[in-house]
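Structure at a glance
If you want the building blocks of each chain, they are given just below.
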Amino acid sequence: MKEVYFDNAATTPPDERVLIEMEPYFKDYFGNLSSLHSFGEAPREAVEKARGSVAELIRANPEELIFTSSGTEANNLAIKGIAFANQRKGKHIIISSIEHFSVFHSARTMEKWGFEVTHLPVDKYGLVSPEQVKKAIKPETILVSVIHGNNEIGTIEPLEEISKITKEKEVIFHTDAVATVGNTPVNIDNLGVDALSLAGNQFYGPKGAGALYLRKGVRITPLIDGGIQEGGKRAGTEDVPAIVGLGKAAEIALGELPKRSHYLRELRDYFIDRLLSEIDHNILTGHRTNRLPGHVSIAVQFVEGESMLMLLNMKGIAASSGSACTSRALKASHVLTSIGLAHEIAHGSLVFSLGKKNTREEIDYVLEKLPPIVKRLRDMSPLYRNFLEREKA
Amino acid sequence: MAMYSDKVMDHFQNPRNVGVIEDADGIGEVGNPVCGDMMTFYIKVKDNVISDVKFQTFGCGAAIAVSSMVSEMAKGKSLDEALKISKEVVAEELGGLPAQKMHCSNLGADALHKAIDDYFSKKGKDNK
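Presented here is a report on the structure given in the accompanying data block. Since this is a predicted model, take the numbers as computed values, not measurements.

What counts, and at which threshold
Residues numbered from 1 in each chain as written. Chains lettered and ligands numbered in written order. Predicted model: local features only at pLDDT ≥ 70, side-chain atom pairs only at ≥ 80, totals over all residues. Heavy atoms only, no water. Axes fitted to C-alpha atoms, helices over the stretch in contact; angles between N-to-C directions. Helix = DSSP H or I, 4+ residues; strand = E, 2+ residues; numbered from the N terminus. Parallel < 35°, antiparallel > 145°, perpendicular 65-115°, else oblique. Left-handed = near helix turned anticlockwise from the far one by under 90°. Contact = heavy atoms within 4.5 Å. Nonpolar A, V, L, I, M, F, W, Y, C, P; charged D, E, K, R; others polar. Buried < 20%, exposed > 50% of the residue type's maximum accessible area, 1.4 Å probe, protein only. Polar contact = N/O pair within 3.5 Å; in protein donor to acceptor, adjacent residues only side chain to side chain. Phe/Tyr/Trp six-rings, centres within 6.5 Å; stacked < 30°, edge-to-face > 60°. Lys NZ or Arg CZ within 6 Å of the ring centre and 35° of its normal.

A few words now on the packing of helix H3 (residues 71-85) of chain A against helix H4 (residues 101-112) of chain A. Residue and element names in this part refer to chain A. Look at H3 against H4: their axes get within 9 Å of each other, and the N-to-C directions meet at 30°. By the criterion of interaxial angle, the relationship of H3 to H4 is roughly parallel. In this structure, the crossing between H3 and H4 has a hand that is right-handed. For the pair formed by H3 and H4, the contact residues are Thr 72, Asn 75, Asn 76, Ile 79, Lys 80, Ala 83 and Phe 84 on the first element and Ser 102, Val 103, Ser 106, Ala 107, Thr 109 and Met 110 on the second. The class makeup of the residues in the contact of H3 with H4 is 6 nonpolar, 6 polar and 1 charged.

A few words now on helix H13 (residues 382-392) of chain A. Residues A:Pro382, A:Leu383, A:Tyr384 and A:Phe387 constitute the buried set of H13(A). Tucked into the core, H13(A) has its buried residues touching helix H12 (360-379) of chain A together with strand S2 (38-46) and strand S3 (49-58) of chain B. In this structure A:Ser381 caps H13(A), since a side-chain oxygen of it lies 3.2 Å from the backbone nitrogen of A:Leu383.

A separate point is the packing of aromatic side chains. Residues and elements named next belong to chain A. All told, the structure shown has 13 aromatic pairs over all chains when counted by the stated rule. With a centroid separation of 6.4 Å and an interplanar angle of 90°, the aromatic rings of Phe 84 and Phe 115 are classed as edge-to-face. One end of the pair, Phe 84, is in helix H3; the other, Phe 115, is in the loop between H4 and strand S4 (116-120), and 31 residues separate them in sequence. Taking the relative accessible area as the measure of exposure, Phe 84 reaches 24% and is therefore partly exposed. Ring plane angle 35° and centroid distance 6.2 Å describe the contact between Phe 101 and Phe 104, whose orientation is recorded as tilted. Of the two residues, Phe 101 and Phe 104 are both situated in helix H4; the distance of 3 residues between them amounts to about one turn of the helix. The partly exposed category is assigned to Phe 101, whose relative accessible area is 44%. Relative accessible area serves as the criterion here: at 21%, Phe 104 is assigned to the partly exposed category. Put simply, the rings of Phe 6, Phe 271 and Phe 352 pair up and form one aromatic cluster. Lying across the ring of Phe 115, Lys 91 places its NZ or CZ 5.1 Å from the centre. When the ring centre of Tyr 204 is taken as origin, the NZ or CZ atom of Lys 356, which lies over that ring, is 4.8 Å away.

Structure below.
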């Protein structure tokens with residue numbers, strides 16, 4: 001059966017060149033880079049090379065990067081570590097209401113430690129207003145965290161605008177850039193952030209490696225204590241193959257980026273235009289243009305996301321949904337409710353996230369299979385019947 | 001979709017008795033849009049036996065499979081027997097349901113029972 005992978009927001013397939021680069025570090029260069037003897041040398045050099053590549057990708061200094069095991073760990077380290085280290089100044093944190101769970105739940109944990117958390121509202125496109133940030137900042141505020149590109153609705157936030165305010169107010173500004181780094185150009189000075197999280201598996205690198213960029217001079221308390229790896233900010237023997245893979249993915253991204261994001265923007269726009277014209281009662285979620293390059297998210301009315309995903313899966317199509325039924329908590333995604341979608345519309349959420357290997361022909365295949373799936377589910381939907389009867393009346 | 005049994009997948013892919021009975025003797029609706037699963041059951045009753053049953057469902061794979069299974073179990077049964085169809089029996093017949101789906105999606109039996117109640121209340125009115 002044909003297989004179409006449109007779930008790159010979950011994880012991207014690793015680039016072949018990344019795997020080749022990683023391989024020797026499992027076996028030939030297995031040494032611990034803290035070792036003084038010669039076995040530590042090659043891994044040490046490889047990790048520093050990777051640090052250089054990742055730094056170059058976001059235009060940072062290599063010494064400002066802390067390698068972690070994932071984007072989630074980087075977000076945890078940023079929120080908790082910055083909060084703990086700066087609590088003498090104050091105990092107030094501001095985050096947007098559409099953060100990834102790794103930020104959202106880290107902030108919730110800090111509430112249990114006596115911190116106060118403000119959740120910034122977003123507009124119907126999921127945009128945070130810089131004005132709202134300004135209003136929310138108090139003398140006790142130590143940290144603002146706003147996601148760069150949202151993985152559920154694709155919206156890219158105006159960080160450049162927000163950072164003007166955090167700079168003026170002298171508040172540390174963190175962004176979860178897991179969805180953007182490696183997929184669209186990210187420059188920490190242009191964004192004006194003090195801390196930024198990224199993950200290798202979001203741009204054709206391996207799972208198991210992420211990083212936190214931390215501007216020099218920003219204080220942080222480590223979450224993992226032990227040796228002095230990563231400048232004492234993140235202990236534990238380094239996962240050398242994964243870090244090498246992350247570095248290679250960054251190097252490849254740096255070379256491919258303009259082409260990669262242009263290609264995916266074209267595919268995205270073609271896909272969105274056809275979806276909106278070929279399936280009725282179906283809306284785009286998130287911003288139409290301030291949007292992640294390969295990100296297509298819709299809400300199809302009168303049908304439920306999980307059923308659509310299952311029927312798509314039977315046609316070999318892998319996608320995602322923020323519907324309540326697809327979550328273990330059985331709650332509609334907080335991102336979808338934050339942009340003001342009614343529960344019954346949020347249920348019809350579908351997310352297609354495209355990667356650099358995807359093609360227009362695959363989009364055509366999905367557009368051939370999806371409309372009959374929607375029709376089939378609508379034909380058995382009492383909500384659709386109610387709607388048709390209201391139309392008649 | 002490994003979380004579902006083969007039986008659930010079969011009923012999800014080929015749901016039995018989908019549709020509407022325009023001149024139904026009883027109609028039962030359950031669910032709410034917040035939770036995400038809504039079902040409507042329609043029954044025809046002849047000599048205290050469910051002679052025909054149709055349903056419409058908005059919801060996840062489990063919700064659709066449950067509705068289909070309940071409709072199949074109810075068809076041809078006496079009203080008394082149909083009232084004994086429980087959520088547990090439906091889940092068992094389907095080869096089990098994931099824990100998080102037991103509460104939210106397993107509403108088919110409730111919808112059927114509501115349709116039977118509706119039939120009784122309509123019949124009661126006719127007799128008056």
